[in-house]
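Structural description and commentary
As a plain string of letters, each chain reads:
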Amino acid sequence: MKETTPMTMKDIARELGISVATVSRALKDSPRISEARRRMIQQYAREHNFYPNAIGEALRHSRVMPSKIIGVIVPEFTHYYFSSILTGIEEAAIARGYYIMVALSGEQYEREVRICEMFHRQKVCGVIVSQAKDTKQYDHFQRLLDSDIPIVFYDRICTGVNASRVVVDDYMGAFNAVSYLLDTGCRRIAFFGSPMQLEISKNRFNGYKDALLKRGLAYDEHLTRICDNRRDAELITPELFDGDYYPDAFFAVNDDTAIGILYTVKRMGLRVPEDISICGFTNGQRAVVCDPMLTTVEQRGKRVGEEAVEILIDKVEGLTPFDKVEKRIVRTRLVIRGTTR
């Protein structure tokens, strides 16, 4: 016999042609909903064996939270940015009486799906997630939302589901960085970025390209590579110096990639920044231990984590409606150091 999927408030809302918020209020006997409508919604829920989320029910009838565990999915721990976001998440959660359960997706879609299933079984009160690079299907995220488990995306947002998100201003961060390289006399600026299915990659690439176009410089696809880690940067960078036309600057999607470029061009006998300027994107600890120190875009990861927690807990505690989608942007700033002129 095929197992049926439990009905959710979203299902009820869709069948009755009303909002999820209206269903939620009716099931709480809220006076904001007319008595006739409340009875109609409650009767429909009973007839279809709807059972509200256990956490939500307990929150409605008690001031004591039965679950104060937030599930957090991190793609990888090697980047300073993700560890700084995690610091912000944990500190902000503890300040409001919550704890976090952290899981590593390892940039793998299948693992991400299993983590979401585990979080559901563990009855976390919400999930904060940055999606894996190869995630192209989003059913596992939608299932959490359909089960009344709120989600907040950070950094790598998912456009396939309607959920809140916190991101840095990737476009302007890239635009300002490339504009600065142009101000210092660079004209052949290479771009090393992540796969373009990721929103952050698109936004940083568009910022890079628009900065060039604003100065009347044509975009050159031969100076663009999909490369977002140090190992690949050390392999790919020499390719751009084959021939007579080569870059005089690099803008990289993160600091690790930028540092890979830096050490490669130095091994090739080029001077930084006299011959080649380099700019990264993160402003992690590695940016100040390389020689010369790295010019980079500061992402303010800790603030991203704090904002994500604020949005999520406000939903869990009913301070904001479950179906309200919030989009917050954390501003970046360019930190100028020794790898640029």
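The coordinates are above.
Okay, so let's go over this structure. Since we're looking at a predicted model, the values are computed, not measured.

Turning to empty space enclosed by the protein, a few remarks are in order. Inspection of every chain in the model, using the stated rule, returns one cavity of 30 Å³ or more. Size it by volume and the largest cavity reaches roughly 40 Å³. Lining the largest cavity are Gln131, Tyr138, Ile157, Cys158, Thr159, Gln197, Leu198 and Glu199. Of the residues assigned to the lining of the largest cavity, the class counts are four nonpolar, three polar and one charged.

In a soluble, globular protein the nonpolar side chains are often hidden away together inside. Ranked by internal contacts, the top residues of the largest apolar core, which has 64 residues, are Ile70, Ile128, Ile189, Tyr208, Phe250, Phe251 and Ile278. Beyond its immediate stretch of four places on either side in the chain, Ile278 contacts Phe250, Ala258, Ile261, Leu262, Val265, Val272, Leu294, Thr295, Thr339 and Thr340. By size, the runner-up hydrophobic cluster in this structure holds 19 residues, among which are Cys116, Val124, Val127 and Val161.

Turning to the packing of aromatic side chains, a few remarks are in order. Tallying each qualifying case throughout the model produces 14 aromatic pairs. Aromatic side chains Phe82 and Tyr154 sit 6.4 Å apart centroid to centroid with 75 degrees between the ring planes, which places their arrangement in the edge-to-face category. Of this pair, Phe82 sits in helix α5 (residues 80-95) while Tyr154 sits in strand β4 (residues 151-154), and the two are 72 residues apart along the sequence. The pair formed by Phe82 and Tyr154 is uniform in burial state, with each residue classed as buried. An angle of 35 degrees between the planes, with centres 6.2 Å apart, marks the rings of Phe241 and Phe250 as tilted. Exposure class is identical for Phe241 and Phe250. Each is buried. The residue whose ring lies beneath Lys68 is Tyr98, and the NZ or CZ to ring-centre distance is 5.3 Å.

What counts as what
- Residues numbered from 1 in each chain as written.
- Predicted model: local features only at pLDDT ≥ 70, side-chain atom pairs only at ≥ 80, totals over all residues.
- Heavy atoms only, no water.
- 1 Å grid on protein atoms, 1.4 Å probe; cavity = no way out; pocket = protein on both sides within 12 Å on 5 of 7 lines; lining within 4 Å.
- Points joined across faces, edges and corners; volume = space filled by probe spheres on them.
- Nonpolar A, V, L, I, M, F, W, Y, C, P; charged D, E, K, R; others polar.
- Core = buried A, V, L, I, M, F, W, Y, C linked by side-chain atoms within 4.5 Å.
- Buried < 20%, exposed > 50% of the residue type's maximum accessible area, 1.4 Å probe, protein only.
- Contact = heavy atoms within 4.5 Å.
- Phe/Tyr/Trp six-rings, centres within 6.5 Å; stacked < 30°, edge-to-face > 60°.
- Helix = DSSP H or I, 4+ residues; strand = E, 2+ residues; numbered from the N terminus.
- Lys NZ or Arg CZ within 6 Å of the ring centre and 35° of its normal.

What is shown is where atoms sit, not what they do.
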